[in-house]
Amino acid sequence: MEERKIRVKINGRDCELSVKPNELLLNVLRNKLGLCGTKYGCGTGDCGACTVLVNNEPKLSCLTLAVTVDGAEITTIEGLATDGKLHPIQDAFVKNGAIQCGFCIPGIIIMAKALLDENPHPTDEEIKEALKGHLCRCTGYINIIKAIKAASMAMSKA
Amino acid sequence: MVNTRILVNEFEYFEPKTVAEAVDLLARFGKEAKVLAGGTNLLVDMKLEKVSPKYLIYIGKIPELRSITRAGSDVIIGANVTFFEMMKAAELKDYPLLREAIESVQLEIKRMGTIGGNICNAAPTASAAPPLLALEAKVKLVSKRGSRVIPLEEVFVGDRQTSLAPDELLTEIHIPALDGGCGTAFGEIKRKIKFAAVVSRQGDTCKRCRIAMGGDVERPIRVRNAESLLEGNRVDENTVRSACEAVLAEIDPENWYVREIAQYLFPKVLQEAWERAR
Amino acid sequence: MATQYHTVGKPSIRKDAIPKATGQEKFTCDVVIPGMLYGRILRSKYPHARIKRIDTSKAEAMGAICITFEDVPKAKYNERIVSVPSATFKDRTVLTNKPLHVGEAIAAVAAETEEKAEKALRLIEVEYEPLEPVFDPIAAMKPGKPSLHDSIILQDKVVEIKNNIAAKVEISEGDVEKGFREADIVIEGTARTSRVYHTQLETKSAVVVPEPNGGVTIWTTTQTIHNCRILIGEIFGIPLNKVNVKKISLGGSFGSSIQMNSVLPITVALALKAKRPVKMCTTREEDMYDHCRYPMILKYKLGAKKDGRLVAGEMEVIVDIGAHNIQAYPLLGCTAGWLVSLYKMPNLKFVGKAVYTNKAPACAMQGFGNPQVNFIAQTMMNEVAEKLGLDPIEVELKNYVGLGDVFWGQGPTVRSVIRSCGVEELIKKGAEMIGWKNRGRPQDKKGDIVRGIGMARGFHTSSAGGPMAGEAVDFSGAMIKINEDGTVDVIAPLQDMGGGALEAGLKIVAETLGVPLDCVELAPTDTCNSVYDVCLHATRGVYAGGGTLKKVAEQVRQKLLEFASRILGVYPHALKIRPDENLKQGVIYAEGISGKEITVKEVAATARNKNWGTIAAVDSLRQGQCPPAYTVYFVEVEVNKRTGEVKPVRAVIGADCGTVIDPIYAVAQIHGSFYRGLSYVLCEDTKYKRRTGELTNKGFLSGYNILKAEDMPNPDDIQVFFANTYEETGPFGAKGIGEAAINPVPAVVANAIYNAIGVWIREMPITPEKVLKALKEKGGN
């Protein structure tokens, strides 16, 4: 299989990469770029641990071919904090006991950013709906829902 | 055992920029090719090694497939329009039925999944299928040989099977305008059974009705037998019960649970559509 | 209770929260070693077979490193060594030539990339001789059925296995027949619990670096770095001081990494052969074939007096353990213990059998038999109450094992007396909060959608400690030192699988030393630079692990005060330490005497300048008790009688964990346990195809039914409160909570369903189909 060149912006940085057409975006992020925050949890789109933003849209990187994101802007969990300052969503997760083993968290925080960008004041029901594609085995989702609501309040004050 | 961490399958990759380029590739490679849109079904199938295409044609970069427009009183949805875009589209505001059905799709899949992909994957649980069938949608299929527009009903021929020829690309979904005063309703019991109903009434009589179902059945279908039992008749306990029998006839007799909940859900959905009709 | 403390009992932010929120926290699957190869395991496609021939030549020709049964040590071991050697049943090998379940490892490769490793794997040729499999535990015990293991090794002796029975435990106390004769009511019931998959987010992985000294450095998914070290040293004949297992964050576990995961010795073998580092990350589908919870069939007969007092109980349990015996024997002993410590049982008979079948091996999962026993015992007590016309709460209060009672620890060999118990407080307060009096009766509830409220009580031992050595090794060790700037290193090999045991541990250290929490950090820890800790399991993290940290911190404090005394001229026992948030330091002072004050930093710096030595201590602790932590659940469910769907809508959860060290994470642990218990009873199961022995869902998450966020009650509808208890044997009065928080959840849901629709359903998972079927059998509305 011939490699193709793709140009992407990853967390604000321009990158030129050589990828095979069958390489998954998840593996390119983790193995070629060393961005290991995004995780493999199931490979079949059922757990959300691989969620990243592609042109600000939340997508499952384990079901995305890297070649198809040529020209796109990608944000991973590593790109959310700016100048060492936590994004309000990250801050809310840290302060509201929403993090236990932490493996599901990058995917959920990325999804929460997309959710709040589109719906700044979600209800509990809307947050639960948004968590549909995310598996968290540790928290039972309760403090995660609280954290997303807290983030929503913090972000609307800003 | 398969390996869901990587894609083992090797293929030649194409990124056509127009529909013409895409169908040209399909003409050349036909059965050995697969069309990639959102990837949420195809890539899973490839990881599970249910399919191993030699050629992969990514249609995500074809702008003409991404638009939603009007043609007369029809709404035309490009095959690459995502679930998310459909939820937001002004043109689809008059079709709450469609929104109700795709509301429950998980957030990431709403952004990745396309209506064309949803139809062509042809899962019996396809989210867009029951509402589109009840809305009497048509699809445009394009190939090098020409193009044709057929009722969506004719697309679903079996479990994950469509009537598309190997060289055909689904490019548009046409949704006709709803009759004024129509009532629509959607209901589902997670993955097991779902109904979409479009009903128009004159007093207590049902003028016209369209009923579609999906879920733990062979394929998404319109339940024409139920429709004909209701059209031109009063909608009461008896006619609803008969219509329900027609619905049950479409469910595997061994599947006692789905049959039970269908008897609960179908009358509810029908009732809701009926009450919304004027 | 906790107001006099400066950090214990107060909310704080866990130290790993920011690294985890920013994606910087490393897990085993994130470890990258230059020059590493990627490993991949070849797994049996038959549930039972002999490997006649295995040819790796084509894979090797590709440049891959290959290993089969022939290339690895052949001695049998048990991958879980929490039990003492005399109770350790060995039936596992690194690779096998007689696979006993679909997915069992028979060979492995390592290559430059995952893609290459996959290609190499598919070039391995295997000739199988399929053997007849057996999948049903009852059938497996019948004579003439295929035998999975002809013999196993117990300690050093070969032991024959008959009728696929891996372990058997029989316990009798008093006279059950007499008890039943004296009873006013006798009821019998059977419960079946499901073969749940742990569904921890991180799939099992290992990274192994072969070292120039012939040893290995290891990162792996484990709940016990020391036990992995001991096993790898034993299996591969490497002296332990050359085997180093590094502690790394674990993406959830819930019991599935108490044992050394099967992926680790295979990766070690590959690394030693390749003479290069090897990384092995398993897929989700491999993981689902690797481990599951112990499914049980429980038959229970109980006798009670008409005032609700229990007089006799007889239980028969059959556990389907799958292809390997990981910890079936202690499980059976514990299962009896859970029953006997749940209710006062003057007369008891317990018979438990663990049976081999050709399925994924079962292992511990949060509760370790306690949720299963609780499920049948609590629902049947509820049934007795209903039949006697008594309030289930009344019956519960008459029979529970509580303050002052003798109580079995983990199994019959360890008994102690309960010194703290908040059960009455939890029941009374919880009943009021949920509105227990207004729960109504099932026969009065009309309509398609009805609600019901249930109650269930659970407990779990805090660790497996006891006054004497028993069959389970249970002790922890730690080292604590004060650095030259007054900050504190805590070298604790105890793992944290997310629950926050070590975060609580750091608060315990800070509290004991009198320094701000910010001064205390967990140091990178491995098996070479730390002393032994048995494992994070058995709800021992805070009670035993934290207890150990308190003991060691007290020794450090003594040394610190001794050094301070040399400087201040005040006797050490007259010195106190207070945390100073402005100075961000601990300050040592003499009460009432001005000018006799010094910071911890100054003492440490002085100690270095004057060559006094490091202010440090290292020690171990074995707790002499395993005090029960209790939970009481009140849950309201909504049942749709037309679809059978059951939705939990409200919960009041009372917990007695003694002093709550870390309020935020104690509550979070309870939330998570509630969720896992709900999902267990309502959804989860793995099933096997009869002919092929494959999982019906092939190991994919899409085919595994699990509760989602949308199925949970809203946060405002879940209330958690704590009892005002103090456990004198625990660090600052603390016990554990982990497993106590899940144990009664399946029962409370079944009890709530009964209150809604008047039927007892005791087969898990309680799916909508089962509810609808039960309603139809009852005769509908």
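Residues numbered from 1 in each chain as written. Chains lettered and ligands numbered in written order. Predicted model: local features only at pLDDT ≥ 70, side-chain atom pairs only at ≥ 80, totals over all residues.

**A short note on the interface of chain A and chain B**
Across the boundary between the two partners, chain A contributes 26 residues, which contact 22 residues of chain B. Of all the secondary-structure elements, those providing two or more residues to the side of chain A that touches chain B are strand E4 (57–60) and helix H3 (105–118) of chain A. Per-element tally for the side of chain A that touches chain B: the top contributor is E4 of chain A, with four residues. Here the residues of the side of chain A that touches chain B are counted per class, giving 13 nonpolar, 10 polar and three charged. (Contact = placed C-beta atoms within 7 Å. Helix = DSSP H or I, 4+ residues; strand = E, 2+ residues; numbered from the N terminus. Nonpolar A, V, L, I, M, F, W, Y, C, P; charged D, E, K, R; others polar.)

**Considering the domain arrangement of chain B**
If you check the domain split of chain B, you get domain 1 (12–58), domain 2 (63–175) and domain 3 (183–276). Taken over C-alpha atoms, the centre of domain 1 of chain B sits 36 Å from the centre of domain 3 of chain B. (Domains from an automatic or database assignment.)

**Here's the deal with the packing of helix H2 (residues 88–95) of chain A against H3 of chain A**
All names here are of chain A. Contact pair H2 / H3: the axes reach a minimum separation of 10 Å and the direction vectors enclose 130 degrees. Between H2 and H3, the angle falls in the class oblique. Crossing hand, H2 versus H3: right-handed. Contacts between H2 and H3 pair Ile-89, Gln-90 and Phe-93 from the former with Ile-105, Ile-109, Ala-112, Lys-113 and Leu-116 from the latter. Residue composition of the contact of H2 with H3, grouped by class: six nonpolar, one polar and one charged. (Axes fitted to C-alpha atoms, helices over the stretch in contact; angles between N-to-C directions. Parallel < 35°, antiparallel > 145°, perpendicular 65-115°, else oblique. Left-handed = near helix turned anticlockwise from the far one by under 90°.)

**Here's the deal with the pairing of strand E1 (residues 4–10) of chain A**
Residues and elements named next belong to chain A. Relative to strand E2 (residues 13–19), E1 is paired through seven bridges, and the arrangement is antiparallel. Considered in E2, the bridge of Ile-6 is made with Leu-17. Bridge analysis of E1 against strand E5 (residues 73–75) gives two bridges, and the strand direction is parallel. Directly across from Ile-10, in E5, lies its bridge partner Ile-74. (Pairing = 2+ DSSP bridges.)

**Focus on unusual backbone geometry**
Pro-765 of chain C follows Met-764 of chain C through a cis peptide bond whose omega is -10 degrees. Topologically, Pro-765 of chain C is positioned in the loop between helix H17 (745–757) and helix H18 (768–778). The backbone of Asp-83 of chain A sits at a positive phi, close to 50 degrees, despite the residue not being glycine. Within the element layout of this structure, Asp-83 of chain A appears in the loop between E5 and H2. Residues other than glycine seldom take positive phi values, yet Tyr-141 of chain A does so here, at roughly 75 degrees.

**Topic: the sheet that holds strand E3 (residues 55–58) of chain B**
All names here are of chain B. Sheet architecture is open: three strands sit in the order E1-E3-E2, paired in parallel fashion. Since the sheet does not close on itself, it has two edges, and those belong to strand E1 (12–14) and strand E2 (33–36), each with one partner. Each strand of the sheet is rotated relative to its neighbour by a mean of 20 degrees, with strand direction disregarded. In the packing of helix H1 (residues 19–29) onto the sheet, contacts are made with E1, E2 and E3, and the angle to E3 comes to roughly 165 degrees.

**What about the sheet that holds strand E7 (residues 151–154) of chain C?**
Residues and elements named next belong to chain C. Strands sit in the order E4-E7-E8 across an open sheet of three strands; the sheet is antiparallel. Of all strands in the sheet, those with a lone pairing partner are strand E4 (89–90) and strand E8 (157–160), marking the two edges. Pairing geometry for E4 and E7, over two bridges, is antiparallel. Across the sheet, the residue bridging to Lys-90 is Ile-153, located in E7.

**So, the domain arrangement of chain A**
One frequently used descriptor of interface size is the decrease in accessible area upon assembly of the parts. Residues and elements named next belong to chain A. Taken domain by domain, chain A holds domain 1 (4–77) and domain 2 (88–157). The C-alpha-based centres of domain 1 and domain 2 are spaced at 22 Å. At the interface, 16 residues of domain 1 touch 14 residues of domain 2. For the side of domain 1 that touches domain 2, the elements supplying multiple residues, two or more each, are strand E3 (51–54) and E4. The greatest single-element share of the side of domain 1 that touches domain 2, amounting to three residues, is contributed by E3. Residues of the side of domain 1 that touches domain 2, tallied by class, amount to seven nonpolar, six polar and three charged.

**With respect to the interface of chain C and chain A**
Counting from both sides, the interface comprises 44 residues of chain C and, opposite them, 44 residues of chain A. Of all the elements in the fold, those that place two or more residues in the side of chain C that touches chain A are helix H1 (17–21) and helix H16 (663–682) of chain C. No other element matches H16 of chain C, which puts seven residues into the side of chain C that touches chain A. Looking at the side of chain C that touches chain A residue by residue, the classes come out as 20 nonpolar, 16 polar and eight charged.

**Observations concerning the confidence of the model for chain B**
Here chain B shows a mean pLDDT of 96. Residues at 70 or above account for 100%. Here the prediction assigns the complex a pTM of 0.98, and the interface score ipTM is 0.99. (pLDDT = per-residue confidence, 0-100.)

**Re the packing of helix H11 (residues 392–399) of chain C against helix H12 (residues 423–434) of chain C**
All names here are of chain C. Taken N-terminus to C-terminus, the directions of H11 and H12 make an angle of 170 degrees; their axes are 11 Å apart at the nearest point. In terms of orientation, H11 lies roughly antiparallel with respect to H12. Residues Ile-393, Glu-396 and Leu-397 of H11 lie in contact with H12, whose contacting residues are Glu-424, Ile-427 and Ala-431. By residue class, the composition of the contact of H11 with H12 is four nonpolar, no polar and two charged.

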